[in-house]
Every structure is written in C-alpha cells, then in structure tokens.
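# Survey of secondary and tertiary structure
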Amino acid sequence: MKSNSVTLAAVTGGTVYGPVSFFSGFSIDSRTVAVGDLFVAIPGPNHDGHDFLSQALAVATGALVSRAVPPDALPDGKCVVRVSDTLAALLAWARYVLDCVRPRVVAITGSVGKTTTKELAAEILARRFSVARTTGNRNNGIGLPLDVAGIAEGTEVAVLEMGMSTPGEIRLLSELVRPAVGVVTAVTAAHFESFRSMDDIEHAKGEILAGMSPESVYVANAGDPRSLAIGRRHRGPVLRYGLAGETGLDAEAAGVAEEAGGTRFVLTLRGRSASVTLPLPGRHNVSNFLAAAAAASVLGVTAEEAASAAPSLRPARHRGEVRLLADDVLLYDDSYNSSPAALRAAWLAFLVAAGTRRKIAVIGEMLELGRKSRDFHFEAGRELGGRFDVLVAVRGDAAALAEGALTGSAGAGTAVFAADASEAESVVKGHLKTGDAIFVKGSRGVGLDRL
C-alpha cells in the first residue's frame, strides 16, 4: 500500500526528519533495497541495520530508525522516521495496512508442507481473487510483517505462511493478522532446540488460534492427531481433509495414482467431486493440495475450480522439483529444508520418480533437533536402508544417518560421509553415471541447494 512518511510517523508514534517521502515497499537488507522502498533498520544478534543506513539511503526513499541520525548523514531528498523500536513500529504499520486494505487472511503453519500449501492455496485463490502472499522464507516475526506492510490496495486475500523457532512467535503473528482461515498441516518432530517435547511443539503450533475469532475457520489434517487436537480447541467451524477412508472429511482424495512427475486422484470438496492431475510428486503433495483446496473452499472455491488450477501448479524452488539433466540424469531437488517427516515423504516420492534407475541419495544434516538429533538421524537412515545404491550423508549428525542406513539392511549400497556440501559434490562426481537418479535433501544451513 503506497503511503508517506507523515502517515507512518502518525501510526508508529515517530518523528519525521527530512522532506515528506512516499514509499510502497519495505526492506531490511541494504544490499537488495529498491527505489521506492522504506529501509527498516532492525538491530539483530549479528548485524544492526543502522550500520548500513548510508548504503540503504543511496537507493531507498527513506528509512525507519530507532537511533538519532546526524543531519549531515541524511542525503538530500531522503527522510527518516525515528521511533523508539523499529520492529514494534513495523508491526504497528503492518496492522494499519491490514485495517486499511481489509483482505481476508488465510494463515498456514505446520512442521511440514506449509510453504507448498501456501503456494498452492495462493495459486488456487488467484483464479478468483486478487491475492497477496508471503514470499521466500519471510514467515517469521520480521519477514511476515515486512510482506504484510507492502500489501497493495485492492488485495482481496492474503495467504500468509507462519513459521516458528520459539514459543510465542505464532501467537504474535496470528494476533497481528487475525486469520479468517487457519491451517495446521501437521505437527511433527522439529525445533527441539527450543522445545522440550512434542506437546510443546503442538502448543506452539496451536497459537494460530490466538488471532482467530469464532467466525474463523480452522482447517485440520485428519491424518495428523495433533492437527486435529488443535482443532478441538477452536471456538468456531473446523474443516477436515485427508485421503479417502478417513471419516468426517470435508476435502478428500480418492484413487490416488502416483506417477514419476506427479499424481492423479479424484477430489471431493464439500460434497462436489472433480478429477485432479497434480504435477507435484508424492502423496504428501496430495495432502498439501487438499489443505489448500479446503482453505480456498471457505472463500467459495469449488472442487471444479481447484481441480482446474492443479495442472498449472509447480513446486516452489528446491521443494520437490523433478528435472531431467544432461546424460539422462534425473534430479529430485528437495534441498530447501528438512526434518524427519519431510525426509520420509520426499524419499517415498523419489522412489516412484526414480523407478528402476540407479539411485544416489545426498542427504544433509537435519538441524534444530536438539539433544535427540543423533537418534532422529539414525532412525531416518535405518528407514532408507537397502533402497539406495550410493548414500552421501552430509555434515554433523548426518553421520548417524549413514550408520543407520547400513544397520541390518541386506543389500544396502555404499554409504559415505561428507563434512560439507563442497566435499559432497566431489563424492557425487565420483559416483554419478548416465541414467542415474539423484535425490538431494537437507536443512538450509547445510547448503545443498548449491550442490
């Protein structure tokens, strides 16, 4: 939403220095700030945005700051709005934008599948509405408000992904955006560095209810007991989605047929059915599509409309992309992030895509698993055992994954540990042959997207 420095100061309780300036976007990165943006200088544990103010103002229209800016440090024609707390001011402005534009908010969280579900829901809804969505990995207490602050006038629906790393983070975001629809895709093992138990993780995911009213609709995964349990605490309507055979479903998939590059099934949504061709591999993506379709149905989207959107849907970058490379090498690229449940689902989809090809698995360390990390990696490797020709386990506790893969697995292939992504690249080059299928997955911190 285009606005100006005077309005920003009024909303945030700040003071304007320099000329009145107009802006339409927001950035916290001086390296990528664009003309027309307002640079938000946020102090962080490693960097303070105020230290990069001069670089940002060389391009940006102005800046939001919490430090005094000497008059001679302010370039001609640029302005700053000084507040006591830039993050609090950003949140206040994001709430102001939502109050002005008044989009219906679809909020999506979960331990797995939330980004894909967000993208699918946004694409389905965009067939009927003007839609805004969170971009990239902007799903936290800074990134989501940044995207919300830039929502354009005329936006009818905002599809927002909510991530978490600490207790209270989703509550803050939910109370900020006040979802009309809230989705929890699943609650699985993750974030054990910040949470002591699965019950604690469920409670944190359930914070999505904090901003939801009795008129808001909660969308639950009928195949996930913890997603359902959160739904039982909601004061309003609950929709359930899942595979045919589960009871009480509002969105279901029947006759799922997996293919190398996707799936086919019959979608039944609120009593109406349509055949779906989904060019995303794996049953987990059928579940993601059902979540998106169920959420869209709250805003009036039919089974036929959801099905018509499906053939044009594509996986997000590094999230289950299947590509044929030179020398007839099939690549399954799911390198964006990882967790035990996500690894299991992606591996099953890869096996279908790979067929009879020789299989090379490059699996990076799964981060944020806390004191149970080694156990989770060992068990994940044990589940893979015997179903690969070459396994390259990359970094840290992934060494336990390689150990698990070779434990009690008759006919298991070669397993190698690589200290980092660069070493893994060298190992892969030594094993890759024409016609192979290669699977790549790991937490973002491992950097397997570069491989």
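One can find the structure itself at the top, above this paragraph.
Figured I'd write up the structure that's included with this text. (Residues numbered from 1 in each chain as written. Predicted model: local features only at pLDDT ≥ 70, side-chain atom pairs only at ≥ 80, totals over all residues. Heavy atoms only, no water.)

This next bit is on the sheet that holds strand E13 (residues 238-243). Reading across the sheet, the 9 strands line up as E9-E10-E8-E11-E12-E13-E14-E15-E16 and stay open at both edges, with mixed pairing between neighbours. One side of each edge strand has no neighbouring strand; the edge strands of this open sheet are strand E9 (131-133) and strand E16 (272-278). Within this sheet the neighbouring strands show an average axis-to-axis angle of 15°, counted without direction. Sheet contacts for helix H9 (residues 283-297): strand E8 (104-109), strand E11 (181-184), strand E12 (217-221), E13, strand E14 (251-259), strand E15 (262-269) and E16; angle to E13, the most-contacted strand, approximately 155°. (Pairing = 2+ DSSP bridges. Helix = DSSP H or I, 4+ residues; strand = E, 2+ residues; numbered from the N terminus. Axes fitted to C-alpha atoms, helices over the stretch in contact; angles between N-to-C directions. Contact = heavy atoms within 4.5 Å.)

Below, the discussion takes up the layout of surface pockets. Empty space within the second largest pocket amounts to approximately 280 Å³. Taken together, 18 residues line the second largest pocket, and the ones lying closest to its centre are Leu325, Leu331, Ile438, Val440 and Leu451. Listing elements by their share of the lining of the second largest pocket, those giving two or more residues are strand E18 (330-334), helix H14 (421-431) and strand E22 (437-441). No other element matches the 3 residues that H14 contributes to the lining of the second largest pocket. Tallied by class, residues from the lining of the second largest pocket come to 10 nonpolar, 2 polar and 6 charged. (1 Å grid on protein atoms, 1.4 Å probe; cavity = no way out; pocket = protein on both sides within 12 Å on 5 of 7 lines; lining within 4 Å. Points joined across faces, edges and corners; volume = space filled by probe spheres on them. Nonpolar A, V, L, I, M, F, W, Y, C, P; charged D, E, K, R; others polar.)

Of note in this structure, Arg102 is not a glycine but carries a positive phi near 60°. Looking at where Arg102 falls in the secondary structure, it is placed in the loop between helix H3 (86-101) and E8. Look at Arg102 and you get exposed, because its relative accessible area is 65%. The phi dihedral of Arg270 is positive, around 55°, even though this residue is not glycine. (Buried < 20%, exposed > 50% of the residue type's maximum accessible area, 1.4 Å probe, protein only.)

The next subject is the packing of aromatic side chains. On inspection of all chains with the given rule, the structure shows 9 aromatic pairs. Seen in terms of ring centroids, Trp347 and Phe439 are 5.1 Å apart; in terms of plane orientation they differ by 85°. Their pairing is edge-to-face. Residue Trp347 is located in helix H11 (residues 340-354), and its partner Phe439 is located in strand E22; the two are separated by 92 residues in the primary sequence. Comparing Trp347 with Phe439 shows no difference in burial state: the two are buried. With a centroid separation of 5.2 Å and an interplanar angle of 50°, the aromatic rings of Phe350 and Phe439 are classed as tilted. Residue Phe350 is found in helix H11, and its partner Phe439 is found in strand E22; the two are separated by 89 residues along the sequence. Looking at Phe350, the relative accessible area reads 0%, which means it is buried. You can call Phe439 buried: its relative accessible area is 0%. By the ring-pair criterion, three or more aromatic residues cluster together here, those being Phe23, Phe26, Trp93 and Tyr96. (Phe/Tyr/Trp six-rings, centres within 6.5 Å; stacked < 30°, edge-to-face > 60°.)

On to the state of the cysteines, then. Here the structure, examined in full by the defined rule, presents 0 disulfides. Cys79 forms no disulfide, and the closest cysteine sulfur to it belongs to Cys100, at a distance of 19 Å. Judged by its relative accessible area of 39%, Cys100 is partly exposed. (Disulfide = S-S within 2.5 Å.)

Strand order across the open sheet formed by 5 strands is E2-E7-E6-E5-E4, with mixed pairing between neighbours. Sheet topology places strand E2 (15-17) and strand E4 (25-27) at the edges, where each strand pairs with a single neighbour. Averaged over all adjacent pairs, the angle separating strand axes in this sheet is 25°, with direction ignored. Across 3 bridges, E2 lies against strand E7 (residues 79-82) in antiparallel orientation. Looking across to E7, one finds that Thr15 is bridged to Arg82. Helix H1 (residues 5-12) rests against E2, strand E5 (37-40), strand E6 (62-65) and E7 of the sheet, and its axis sits at about 10° to E7.

Another point: the pairing of strand E19 (residues 359-364). Most of E19 is tucked away, with 6 of its 6 residues classed as buried. With 5 bridges connecting them, E19 and E22 associate as parallel partners. Paired with Ala361 across the two strands is Phe439, which belongs to E22. Relative to strand E20 (residues 390-394), E19 is paired through 5 bridges, and the arrangement is parallel. Bridge pairing in E20 places Val362 opposite Val392. On the question of chirality, the crossover connecting E19 to the parallel E20 by way of helix H12 (residues 373-384) is right-handed. (Right-handed = clockwise from strand over helix to strand, strands pointing away.)

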